[in-house]
Amino acid sequence: MARAAGVRGRLRGCGRRGRCGRGGRGALLACAAWTAGWALAAALLLRAHPGVLPARCTDQRSRRILAALCQDYQGGVLVGDLCQDLCVAGRLLYRRCLYYERGKTVLQADWRGRPIVLKSKEEAFSSFQRPGLLEDQAWKGGQDFSEADLLLLVAGEVKNVLGLELSHGGLAPLWPRLRGPRWRGQLASLWSLLQQEEFVLLSLLQDLSRHAPPVLGSCGHFYAVEYLAAGSPHHTALFPLAGASRGLARAISDMALSFLDLVSHFDNDFSHRLHLCDVKPENFAIRRDFTVVAIDMDMAFFEPKMREILEQNCTGDEDCNFFDCFSKCDLRVNKCGAERVNSNLQVVCDKIFRHWFSSTLGSSSISLELQLQLQETVQECADPGHPAGHPQRAPPNVFRKLQRLLQATLRELQEVDN
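What counts and how
Residues numbered from 1 in each chain as written. Predicted model: local features only at pLDDT ≥ 70, side-chain atom pairs only at ≥ 80, totals over all residues. Heavy atoms only, no water. Helix = DSSP H or I, 4+ residues; strand = E, 2+ residues; numbered from the N terminus. Buried < 20%, exposed > 50% of the residue type's maximum accessible area, 1.4 Å probe, protein only. Contact = heavy atoms within 4.5 Å. Areas by Shrake-Rupley, 256 points an atom, 1.4 Å probe, with all protein chains shown as cover. Axes fitted to C-alpha atoms, helices over the stretch in contact; angles between N-to-C directions. Parallel < 35°, antiparallel > 145°, perpendicular 65-115°, else oblique. Nonpolar A, V, L, I, M, F, W, Y, C, P; charged D, E, K, R; others polar. Phe/Tyr/Trp six-rings, centres within 6.5 Å; stacked < 30°, edge-to-face > 60°. Lys NZ or Arg CZ within 6 Å of the ring centre and 35° of its normal. Core = buried A, V, L, I, M, F, W, Y, C linked by side-chain atoms within 4.5 Å. 1 Å grid on protein atoms, 1.4 Å probe; cavity = no way out; pocket = protein on both sides within 12 Å on 5 of 7 lines; lining within 4 Å. Points joined across faces, edges and corners; volume = space filled by probe spheres on them. Pairing = 2+ DSSP bridges. pLDDT = per-residue confidence, 0-100. Disulfide = S-S within 2.5 Å.

Quick look at the overall build of the chain
Helix and strand counts for the chain come out as 13 helices and 13 strands. In the chain, buried positions account for 45% of the 418 residues. Pairs at least 24 residues apart make up 62% of the contacts formed inside the chain by residues separated by at least 6 positions. Just so you have it, the chain exposes about 22,000 Å², and 51% of that area is on carbon and sulfur atoms.

Some points on unusual backbone geometry
Non-glycine residue R112 carries a positive phi angle of around 55°. Along the chain, the position of R112 falls in the loop between β2 (104-111) and β3 (114-120). Residue R112 is classed as exposed on the basis of its relative accessible area, which comes to 55%. Phi at D207 takes a positive value of approximately 70°, unusual for a residue other than glycine. Looking at D207, the relative accessible area reads 77%, which means it is exposed.

Let's talk about the packing of helix α6 (residues 147-162) against helix α8 (residues 197-205)
As a packed pair, α6 and α8 sit with axes 10 Å apart at the nearest point and diverge in direction by 110°. If you check the angle between α6 and α8, you find them roughly perpendicular. Across the interface between the two elements, V158, V161 and L162 of α6 pack against E197, V200, L201 and L204 of α8. Among the residues making up the contact of α6 with α8, the classes are represented as six nonpolar, no polar and one charged.

Some points on the packing of aromatic side chains
Applying the stated criterion to the full structure yields 13 aromatic pairs. Ring centres 5.1 Å apart and planes at 85° place the aromatic pair F322 and F323 in the edge-to-face group. In textbook terms, an aromatic cluster arises when at least three aromatic residues are bridged by ring pairs, as seen for F239, F259, F284, F353, W356 and F357. Above the face of the Y100 ring, R61 is positioned so that its terminal group lies 4.5 Å from the ring centre.

Quick word on the nonpolar core
Within the largest apolar cluster, 79 residues are counted, with the highest numbers of intra-cluster contacts made by M297, F353, W356 and F357. Not counting the four nearest positions on each side in its chain, M297 is found in contact with E198, L201, L202, L205, A212, F266 and L274. One finds C87, I116, L118 and F222 within the second-largest nonpolar core, a separate group that totals 25 residues.

Digging into the layout of surface pockets
The space that makes up the largest pocket amounts to roughly 990 Å³. Lining the largest pocket are 37 residues, with Y99, K104, V106, D296 and D298 sitting closest to its centre. Of all elements in the fold, only β1 (92-101), β2, β3, α8 and β5 (222-226) reach the threshold of two or more residues within the lining of the largest pocket. In terms of residues, the lining of the largest pocket owes the most to one element, β1, which gives four residues. Its residues assigned to classes, the lining of the largest pocket comprises 19 nonpolar, four polar and 14 charged.

Let's talk about the side chain of Q108
Inspection of the secondary structure puts Q108 in strand β2. Beyond its immediate sequence surroundings of up to four residues, Q108 is in contact with Y94, R95, R96, L98, I116 and Y227.

Observations regarding the pairing of β3
Counting buried residues along β3, five of its seven residues qualify, which places the element largely inside the surrounding structure. Here β2 pairs with β3 via seven bridges, running antiparallel. Following the sheet pairing, W111 is matched in β3 by R114. Connecting β2 to the antiparallel partner β3 that follows it, the hairpin turn spans two residues, and R112 within it adopts a positive phi of roughly 55°. Where β3 lies against β5, four bridges are found, and the strand directions are antiparallel.

Quick look at the confidence of the model for the chain
Across the chain, pLDDT averages 84, with 79% of residues at or above 70. Taken together, the stretch residues 1-25 has pLDDT below 50 and engages in ten contacts with residues farther than four places along the chain or on a different chain. This stretch, residues 38-54, has a pLDDT under 50; its non-local contacts, to residues over four places away or in other chains, come to three contacts.

Quick look at the state of the cysteines
Enumeration over the complete set of coordinates arrives at seven disulfides. Paired by a disulfide, C277 and C325 hold their sulfur atoms 2.0 Å apart. Taking the sign of the S-S torsion, about -100° here, the bridge from C277 to C325 comes out left-handed. With a gap of 48 residues between them, C277 in the loop between β6 (274-276) and β7 (284-286) and C325 in strand β11 (residues 325-326) connect regions that are remote in the sequence. Of the two residues, C277 and C325, neither departs from the other in class, the shared state being buried. Disulfide partner of C349: C381, at an S-S distance of 2.1 Å. Taking the sign of the S-S torsion, 85° for the link of C349 and C381, the bridge is right-handed. Residue C349 is found in helix α11 (residues 344-357), and its partner C381 is found in helix α12 (residues 368-382); the two are separated by 32 residues along the sequence. Its relative accessible area of 0% is what places C381 among the buried residues.

Overview of the environment of A294
Structurally, A294 is set in strand β8 (residues 292-294). Taking the C-alpha atoms as reference points, A294 and P281, separated by 13 residues in sequence, lie 9.6 Å from one another. Residue contacts for A294: discarding those within four places in its chain leaves H211, A212, P213, N283 and F284.

As for the sheet that holds β1
Within the open sheet, the five strands sit side by side as β1-β2-β3-β5-β4. Their pairing is antiparallel. Edge strands, defined here as strands with exactly one partner in the open sheet, are β1 and β4 (215-219). Each strand of the sheet is rotated relative to its neighbour by a mean of 25°, with strand direction disregarded. Sheet contacts for α8: β3, β4 and β5; angle to β5, the most-contacted strand, approximately 50°.

Spelled out as structure tokens, the structure:
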């Protein structure tokens, strides 16, 4: 990289002088030879390893993945409550590929006229491991294992995936009755889903969170959630607002209050705090009532798993940053602390609220004083100061302060409307 920068610097210098001379011509020849060498090496690498570059998200690949899924279903290898509609009845129709990278597949489809998303972290059913107990008993002869044995397996997998120890009652959202002629396919399908962190998390949050999409069903290793248009930094308001009846300032204030509700909900409403380690507009969506929904929770972790992830070897604080979740390095033992030192609120302020409130909202209906207070509070929340070079959490009162200012904004807008 440094060599390339040096070549670019020499070429820029040659351009400024208007001629190169002997030294300039030598540099150009050397640059040309170096570039040709790298081009040849890259071509040979791609020829030997065609999977080096990420595969494209194409309709052809997506249809091939679904065809293989249906072939396994028709062969009795896997099952699911969506398989019949997808593979036989034609009531679940593929529309387009939303994302594909290293096997992780996200597809948009229509299910009985409703837009949905089909997800799996692997494209092939065979990519998922089957546990030893199922190999020994389910695939070698009889249905002679007890339900207690299977519940124990499921509880172990949930602990491995989410770091949670759940009672049998807590496992109910993940536990279908495994009986009937296709029970082997049921077991295999269940186990492929249990190896996907987001599926397990969303299943446990089912009916418990307005900020997480419900799981609508599954077929083999693919599970379905409702389709909601993701945010994007290219949108003026970060999220698509087509058809919204209210103005931009009111919509942003409503969405900001819903983000605060999401933060409070994930921090306080479960037995363990739920940490969001990848906060960006693309991982959230907005319902028609401006409720924020976390549509990609691959990087969301309950406290026990978060501590396990953060507690790694280190030589400095930068080694203790796991995406948006930060810890500090204890140089006495060269180990990252297990406790996260920043918060969900801090990251939301930094990655979302800064975009909205770094300048005025552009509405003459909101007093300038109130808009400036919002700017200052968002800045205080996102960047509370780094004493001794270490990050710290946002002040404890900043959440209430933001909430109060946003509610005041809505009141001022309402007064104008009246």
